[in-house]
Amino acid sequence: FLTQPSNLQKGKFLERVYISPEFKNSGLSIEVLQPVIAKNISDSEVLEMGKPQNYFRNSLRMALEASGLKVLALSGKAQGSDLVLEVWITELNPGSRVKRWFFGELGGGKSKVQVEGRLVDTSGKSLVEFADRRAGSAMGGLDITGGDSKELIQSDLNGIAQSIAKTIDSRG
């Protein structure tokens, strides 16, 4: 998915990130494309999580706007934007509620989410590339039933969206 994975380094907000020295976000508009679910994730997992790509795209829009960045309508095609944010959900594992319930204190049953993406200009040149992986609370939010996988996944996706916005905003 990424064009320059070897350039990724530990980021301040994201696990791995590359920011082109040429990138400045001042006054630029961003189009957020619909996140793509990687082929290795089963349809049943996506349905169980309640279409996480829709949730993630909305989280990205809100996080970018909260950072003061101009986000164009989420049309699915870059139309009149200066930059395009492309995102892939490359891992989506709901974990195990039973394992969280029995072994949560030891880290058992955690949900996992991994996202990769890039911010490109209108010529397709990659200005920012990133990868981030989050593991939901094994404690299931201290829920004695082991926690809801959908809520844990959404929490992780929201955290990644906020980290993406902070990374992009930090170059303004």
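Preceding this paragraph is the structure being described.
Not measured: the values here are computed from a predicted model.

A. Up close: the packing of helix α2 (residues 52-66) against helix α4 (residues 149-169). Between α2 and α4, the shortest axis-to-axis distance is 8 Å and the interhelical angle comes to 35°. Pair α2 / α4 crosses with right-handed handedness. Contacts between α2 and α4 involve P52, Y55, F56, S59, L60, A63 and L64 on the former and, on the latter, Q154, L157, N158, I160, A161, Q162, I164, A165 and I168. Of the residues that constitute the contact of α2 with α4, the class distribution is twelve nonpolar, four polar and no charged.

B. Examining the nonpolar core more closely. Core analysis: the biggest nonpolar cluster contains 31 residues, and F56 and L85 have the highest contact counts within it. Contributions of two or more residues to this core are made by β3 (29-32), α2, β6 (83-93), β7 (112-121), β8 (126-135) and α4. With seven residues, the top contributor of residues to this core is α4. Excluding residues that lie within four positions of it along the chain, L85 makes contacts with I30, E31, V32, L33, L60, L64, R118, L119, F130, I164 and I168. Counting residues in hydrophobic clusters, the runner-up holds five residues, among them L2, L8, Y18 and A131.

Reading the values: the criteria
Residues numbered from 1 in each chain as written. Predicted model: local features only at pLDDT ≥ 70, side-chain atom pairs only at ≥ 80, totals over all residues. Heavy atoms only, no water. Axes fitted to C-alpha atoms, helices over the stretch in contact; angles between N-to-C directions. Helix = DSSP H or I, 4+ residues; strand = E, 2+ residues; numbered from the N terminus. Left-handed = near helix turned anticlockwise from the far one by under 90°. Contact = heavy atoms within 4.5 Å. Nonpolar A, V, L, I, M, F, W, Y, C, P; charged D, E, K, R; others polar. Core = buried A, V, L, I, M, F, W, Y, C linked by side-chain atoms within 4.5 Å. Buried < 20%, exposed > 50% of the residue type's maximum accessible area, 1.4 Å probe, protein only.

Everything listed is a geometric property; what it means functionally is a separate question.
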